[in-house]
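A look at the structure
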Amino acid sequence: MLLDVLRDFSSFFELTAFHLVTWRMAVMWGVCGLLLYLAVRHGFEPLLLVPIAFGALLANLPTQNLITQVPLPGGYIDTGSLALGLQPDGDLLRIRHVAGGLYDFITQGVKLEIFPPLIFLGVGALTDFGPLIANPRTLLLGAAAQLGVLVTFMGASAIGFTSPQAASIGIIGGADGPTAIFLTTKLAPELLGAVAVAAYTYMALVPLIQPPIMRALTTRNDRLIRMKALRHVSRAEKLVFALLVTVVTILLVPAASPLIGMLMLGNFLRECGVTERLMKSAQNEIINIVTILLGTSVGMTMSGDTFLRAPTLMIIGLGAVAFAIGTAGGVLTAKLMNIIPGLGQINPLIGSAGVSAVPMAARVSQVEGQRADPGNHLLMHAMGPNVAGVIGTAVLAGYYLATLTR
Amino acid sequence: MTALASAFPVHPGWMQNLQYQLTGFLVVIFALGALALLVWLAGKIFSAAGEIKNKTAPVPPPTVPTGEIPAPVLAAISAAVSVALEGRHFVIYDVAPSVHGAWSAEGRRAIYRSHRLR
């Protein structure tokens, strides 16, 4: 009797998953722990890093009925594959059943590019474009900050990444998580985990990365420039702006339609004043639910076999370069704009906010401005290039999609 | 765009890559520049419409306080100064209307102080 119980007990251990744990998984537990520590203890983009890190932890456990991992050529792993049971029916093939774990289904929101545009819907509903409308010149600062993306693309290409991979790495410099995920899913899905983690980590590190660059590229007199107070922008003007951006941008770069379309739909819901319930849903429930699903789905791509490779380190390094060059591009362009007489002076510190990372980059401009002159308030001025950066990154992503999708 | 898409290789040469990135930068500058121009034009139209509207409704002249400051107002100012100086001794020699948006600047300062920035 006792022997039978012991035999059953030992045979039960064969059903557990301890023997499936690999050293790569164990290392990734440490990476997940670090990300969770940064998010929980230091508040680094916790809304995204917590779901990403938890998803990564699940990806590095021998789970069942959660997600399917299929090896791809080149050592990468495809996550979230659904198995379709097909049945011939005349000339058609009918789906008899679909098999997969929980995240095989949820990850389709990333693979089919549904989640990033839904995040943009919420971002649009949360964003006030008033400062940008009041000072439309700042749109150019949002464009200039994309220099980081372009230069990093060239750098990544030079060290051996393919053009679609280089575009996905360069877009980290746009400091716009949903756009980075959107582009990478389409062009280089094998790099999704590394690109997403680099993008969100650097967005969280904006207050550390940007100030030294901003100080190095500006003189004290530059930092003391006080900008003219922004004019009041009416509701009608904001509505016209949303429609203008939608029409002009989609006509110019149709590949950016899902991002720009949803961004401006969210903003129209916010500004029109008659869809309060929809606006609140976009600002809260929709963006919150999608953030959880998007974050965990991205984390699920970070299996040790894919993540613990030399290219991941290169991607993280190149991401920092992209951020730095983007910041410098914005600041230098603002200085350049001050050469043109009669247009009013721009404090170059707001140029750095062109790298999206809304609203953290604008807050950094405010803090740096106040360091030079405590009475100078740059926050609202910096919100102009900040939201322009979101549009600029989406346009650039559209350019890459249109030219690199095969 | 179609020619560009079919021509751009997976591993481009340096010059080819530079040309591709410059084209991309031009696309972004053109898109955002066109938007800036259109938004500026729309702003001019809205401002002009607002001025016409304002001309039809005359603005009442601003009221300027004259004479001595009432005792309750002086008491309120003294109390505010005492709170701001956290109980330190002080003497008020003069009271004058605020200029250059001092009140709004103080309000903004208070709001920004409430934000925790890393």
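Residues numbered from 1 in each chain as written. Chains lettered and ligands numbered in written order. Predicted model: local features only at pLDDT ≥ 70, side-chain atom pairs only at ≥ 80, totals over all residues.

1. Some words on the overall build of chain B
Along the backbone of chain B there are four helices and zero strands. What you see in chain B, going N to C, is helices and strands ordered as α-α-α-α. (Helix = DSSP H or I, 4+ residues; strand = E, 2+ residues; numbered from the N terminus.)

2. Side note on the interface of chain B and chain A
At the interface, 32 residues of chain B touch 40 residues of chain A. If you list the elements that add at least two residues to the side of chain B that touches chain A, you get helix H1 (2-7), helix H2 (14-56) and helix H4 (102-113) of chain B. Counting residues per element, the side of chain B that touches chain A draws most heavily on H2 of chain B, at 20 residues. A per-class count over the side of chain B that touches chain A returns 24 nonpolar, six polar and two charged. (Contact = placed C-beta atoms within 7 Å. Nonpolar A, V, L, I, M, F, W, Y, C, P; charged D, E, K, R; others polar.)

3. Details of helix H13 (residues 206-217) of chain A
Residues and elements named next belong to chain A. Spanning 12 residues, H13 covers 17 Å between terminal C-alpha atoms, matching the ideal 16 Å at 1.5 Å per step. Regarding H13, the residues found buried are Val 206, Ile 209, Gln 210 and Met 214. One face of H13 carries all of its buried residues, which in axial projection span an arc of 115 degrees. For H13, the exposed residues set more than 90 degrees away from the buried face come down to Leu 208, Pro 212 and Ala 216. (Expected span 1.5 Å × (residues − 1). Buried ≥ 20, exposed ≤ 12 C-beta atoms within 10 Å, placed from the backbone. Arc of directions from axis to C-beta.)

4. Let's talk about the nonpolar core
Grouped together as the largest cluster of nonpolar side chains are 135 residues, with contacts concentrated most on Ile 52, Val 195, Ala 196, Val 395 and Ala 397 of chain A together with Leu 32 of chain B. Setting aside residues up to four positions removed in sequence, Leu 32 of chain B forms contacts with Leu 139, Leu 140, Gly 142, Ala 143, Ala 388, Ile 391 and Gly 392 of chain A. (Core = buried A, V, L, I, M, F, W, Y, C linked by C-beta atoms within 7 Å.)

5. Considering the pairing of strand E3 (residues 83-89) of chain A
All names here are of chain A. Taking burial as the measure, the seven residues of E3 include zero buried ones, a minor fraction of the element. Pairing of E3 with strand E4 (residues 92-99), which is carried by seven bridges, proceeds in the antiparallel orientation. When the bridges of E4 are listed, Gln 87 appears paired with Arg 94. The loop that links E3 with its antiparallel partner E4 comprises two residues; one of these, Gly 90, has a positive phi angle of about 65 degrees. (Pairing = 2+ DSSP bridges.)

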